[in-house]
Amino acid sequence: MAQKGITSFFQAPSKSCAAGIVRTAALSSPEAKLLGSTTPEVRLLKNSAALNVASTNPQNVLTGGDAPAGISCGVENQSTTFVKHRLPALDLAPSLAKRARTDANPIRAQTSAEGPASGGQLEKWEEINAEATTSGRPPLSPKFKKKARAFEGTPAIQSEEAQAEEQIGKEGPRGDAPLSEEQRLRIEVNKASALAKLAQRKAEDVVAAAHARGEALPRLADLFLDSSWLAALPGELEKAYFANLEKFVSQEVSGKVPVFPPQASIFRAFNTCPFDRVKVVILGQDPYHGPGQAMGLSFSVPAGVRIPSSLQNIFKELQDDLGCTIPQSGDLQKWASQGVLLLNTVLTVRQGQANSHAKRGWELFTDAAIRALSKQRKGVVFLLWGRPAQEKLRLIDATSHHVLKCAHPSGLSAHRGFFGCKHFSQTNKILHDAGQLPIDWQL
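If you're wondering where the values come from, they're calculated on a predicted model, not measured in any experiment.

Thresholds, definitions, all that
- Residues numbered from 1 in each chain as written.
- Predicted model: local features only at pLDDT ≥ 70, side-chain atom pairs only at ≥ 80, totals over all residues.
- Heavy atoms only, no water.
- Helix = DSSP H or I, 4+ residues; strand = E, 2+ residues; numbered from the N terminus.
- Buried < 20%, exposed > 50% of the residue type's maximum accessible area, 1.4 Å probe, protein only.
- Contact = heavy atoms within 4.5 Å.
- Areas by Shrake-Rupley, 256 points an atom, 1.4 Å probe, with all protein chains shown as cover.
- Phe/Tyr/Trp six-rings, centres within 6.5 Å; stacked < 30°, edge-to-face > 60°.
- Pairing = 2+ DSSP bridges.
- Axes fitted to C-alpha atoms, helices over the stretch in contact; angles between N-to-C directions.
- UniProt positions renumbered as here; feature names shortened; annotations may be inferred.
- Expected span 1.5 Å × (residues − 1).
- Salt bridge = Lys/Arg side-chain N within 4 Å of Asp/Glu carboxyl O.
- Parallel < 35°, antiparallel > 145°, perpendicular 65-115°, else oblique.
- Nonpolar A, V, L, I, M, F, W, Y, C, P; charged D, E, K, R; others polar.
- Core = buried A, V, L, I, M, F, W, Y, C linked by side-chain atoms within 4.5 Å.
- Polar contact = N/O pair within 3.5 Å; in protein donor to acceptor, adjacent residues only side chain to side chain.

*Asks:* Is there a simple way to think about the overall build of the protein in this case?
*Replies:* When helices and strands are counted, the protein shows 17 helices and 10 strands. Classification of the 443 residues of the protein by burial places 50% in the buried group. Taking the intrachain contacts of the protein between residues at least 6 apart in sequence as the baseline, contacts between residues at least 24 apart amount to 67%. Approximately 21100 Å² of the protein is accessible, and the part contributed by carbon and sulfur atoms is 53%.

Next comes the structure, spelled out in structure tokens:
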């Protein structure tokens, strides 16, 4: 009876899932040999359409709490534990495996070491059916023979990361159509936004731990979290100027006048926009110096805070250039998550005193970051608005990158060249021509 159940499971999995039917059986049928296993039981994930192995082996299991969400049907194991690997994807159906959202699944992909992942599928089908004829077991489904023939000679299963990238770049939601540019962009934004939130929480934890130790300010190096930026700026945080800068900022934080932005957001531009993902750089000067305004991203203010005039003018230009709706929030984290480095040249400021932390060392640090981008990356779009930003042109190799210049978007200068610059559409055209996803500027 168990064998019959597992056979129908393979022949009509979609019907079983839709009906919410659960069948239990050991894989002792011919299908089990094709999967390279005769003992474990199988669970079909509705959302990822991936087959995972359940087992009672304590060395190879996760707890039941680690099981991925979205399980609606399949073969249920009594122990509710899960092996850390997936069965070789192509042994069942590559179209199912490619739809798996493995990056959200704690059960990791296994390489071909767990068994052949591809090639020889048709021979296996014929060999097992021949054996089934002599042993009296039921043969494999003809539908499975068709899949085996269709994917004969396909490459071995990819790593989890490569498979996820292939899914984003090529695969449609059901594995039967390419993703549109809009869909790919939405996936990228969602993933990057989640990583940005995680990075910000880590910085907040560092600050909380320092305050718990009675320290007014954590070591600045402890707040600079992104590994790709650390690799791009080797030794920069150990230089003498940076030690002097840290001493100055610590004294300022210990004083009576508040310092902005919040400590966890000092390096937010770097922590939420990794070096190897930077597509666009928008340079500002120093952070907003009003209470609650600065959040570590140039021109950006937290949701609920009144939008400054410069940012209002940016939104007006976006509306004229790309037809974007003017948003109610001035939080630009969505841009940063897509690879827009929103970088102020000075990263801290005293409340109510613009440029109060200028010429204390921050310019040396941010200059080093711009120089690293210029030397180590290609094709980055630099948006230099106003004279202070355009002075940084000396750090940029304009033969390897794209530089767009215009007036600053402040209320005093926006009418002298910022309005009508169309930098946002130009940026997206540059990215599109380079084969990169454009920026979704709509907030």
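Read on for the rest.
*Asks:* Whenever I open this one, the packing of aromatic side chains confuses me. Can you help?
*Replies:* How two aromatic rings sit relative to each other is set out by the distance from centre to centre and by the angle between their planes. According to the stated counting rule, one finds 19 aromatic pairs in the structure shown. Cluster of aromatic residues (ring-pair linked, three or more members): Phe-224, Trp-229, Tyr-241, Phe-242, Phe-267, Phe-270, Phe-275, Trp-362 and Phe-365.

*Asks:* Where do I start with the sheet that holds strand S7 (residues 340-344) in this structure?
*Replies:* Strand pairs in the sheet, formed through backbone hydrogen bonds, run parallel or antiparallel to each other. Pairing within the open sheet is parallel, and its four strands lie in the order S7-S6-S9-S10. What marks the edges here is a single partner per strand, and that holds for S7 and strand S10 (402-406). For this sheet the average axis-to-axis angle between neighbouring strands, irrespective of direction, equals 20°. When strand S9 (residues 381-385) meets S10, the two strands line up parallel, connected through five bridges. Bridging across to S10, Leu-383 finds its partner in Leu-404. Strands in contact with helix H15 (residues 362-376) are strand S6 (280-284), S7 and S9; relative to S7, the strand with the most contacts, it is inclined by about 150°. Each of S6, S9 and S10 is contacted by helix H17 (residues 423-433), which is oriented at about 165° to S9, the strand it contacts most.

*Asks:* Explain the UniProt feature "active site" (unreviewed entry) in the protein to me, please; I cannot follow it from the model alone.
*Replies:* What UniProt calls "active site" (unreviewed entry) maps, in this numbering, to Asp-286. Within the fold, Asp-286 resides in the loop between S6 and helix H13 (309-322). Not counting residues within four places of it along the chain, the set of residues in contact with Asp-286 comprises Asn-344, Val-346, Val-349, Ala-354, Asn-355 and Ser-356.

*Asks:* Explain unusual backbone geometry to me, please; I cannot follow it from the model alone.
*Replies:* What is expected of a backbone is that most residues other than glycine have negative phi and most peptide bonds are trans. For the bond running from Phe-260 to Pro-261, omega is 0°, close enough to zero to count as cis. Among the secondary structure elements, Pro-261 is positioned in the loop between strand S5 (259-260) and helix H12 (268-271).

*Asks:* Please explain H13 as it appears in this structure.
*Replies:* A turn of α-helix holds 3.6 residues, and therefore any two residues three or four places apart point the same way. Taking 1.5 Å of rise per residue, the 14 residues of H13 would be expected to cover 20 Å, and the 20 Å separating its terminal C-alpha atoms lies within 8% of that figure. Considered for burial, the residues of H13 that qualify are Ser-310, Leu-311, Asn-313, Ile-314, Phe-315, Glu-317, Leu-318 and Asp-321. Those residues of H13 hidden inside the fold are in contact with helix H14 (333-337), S9 and H17.

*Asks:* How should I be thinking about the pattern of salt bridges in this particular structure?
*Replies:* A side chain with one charge may pair with a side chain of the opposite charge, provided their charged atoms come close. Counted under the stated rule, the structure contains 10 salt bridges. Linking Lys-239 and Glu-236 is a salt bridge whose minimum nitrogen-to-oxygen distance equals 3.1 Å. For Glu-236, a relative accessible area of 9% puts it in the buried group. Note that Arg-394 and Asp-367 form a salt bridge whose closest N and O atoms lie 3.4 Å from each other. Here Arg-394, found in the loop between helix H16 (387-390) and S10, pairs with Asp-367, found in helix H15; they are 27 residues apart in sequence, far enough to count as distant. Connected through salt bridges with shared partners, the residues Asp-367, Lys-392 and Arg-394 form a single ionic network.

*Asks:* How should the packing of helix H11 (residues 240-254) against H15 be read in this particular structure?
*Replies:* Contact geometry for H11 and H15: axes closest at 9 Å, N-to-C directions at 130°. Comparing their axes, H15 and H11 come out oblique. Where H11 abuts H15, its residues Tyr-241, Phe-242, Leu-245 and Val-249 lie against Trp-362, Leu-364 and Phe-365. In terms of residue class, the contact of H11 with H15 is made up of seven nonpolar, no polar and no charged.

*Asks:* How should I be thinking about the packing of H13 against H17 in this particular structure?
*Replies:* Direction vectors running N to C along H13 and H17 enclose 60°, while the axes themselves pass 8 Å from each other. One way to sum up the angle between H13 and H17 is to call them oblique. From H13, Ile-314, Glu-317, Leu-318, Asp-321 and Leu-322 reach across to H17, where they touch His-423, Phe-424, Ser-425 and Asn-428. When the residues that make up the contact of H13 with H17 are grouped by side-chain class, the tally is four nonpolar, three polar and two charged.

*Asks:* Would you mind going over the pairing of S9 with me for this structure?
*Replies:* Within a regular strand, side chains alternate between the sheet's two faces. Within S9, five of the five residues are buried, which leaves the element mostly enclosed by the surrounding structure. Alternating residues of S9 divide into Val-381, Leu-383 and Trp-385 and Phe-382 and Leu-384, and every residue in both groups is buried. Judged from the three bridges that link them, S6 and S9 form a sheet pairing that is parallel. Bridge pairing links Ile-282 to Leu-383 in S9.

*Asks:* What is the right way to look at the nonpolar core in this model?
*Replies:* A general trend in soluble globular proteins is that nonpolar side chains are found buried together. Of all hydrophobic cores here, the largest spans 74 residues; its most connected members are Trp-229, Phe-267, Trp-362 and Phe-365. No other element matches the seven residues that H15 contributes to this core. Every residue in contact with Phe-365, bar those within four places of it in the chain, is listed here: Phe-224, Leu-233, Glu-236, Leu-237, Tyr-241, Phe-242, Phe-267, Phe-270 and Leu-347.

*Asks:* What is the right way to read the side chain of His-408 from this model?
*Replies:* Among the secondary structure elements, His-408 is positioned in the loop between S10 and H17. A polar contact is formed between the side chain of His-408 and the backbone nitrogen of Ser-410, at a distance of 3.0 Å. Among residues more than four places away in sequence, those in contact with His-408 are Gln-285, Phe-299, Ser-310, Trp-385, Gly-386, Ser-413, Ala-414 and Phe-418.

*Asks:* Help me understand the environment of Thr-399, please; the structure alone is not making it clear to me.
*Replies:* Inspection of the secondary structure assignment puts Thr-399 in the loop between H16 and S10. Of the polar contacts made by the side chain of Thr-399, one reaches the side chain of Asp-397; its length is 2.5 Å.

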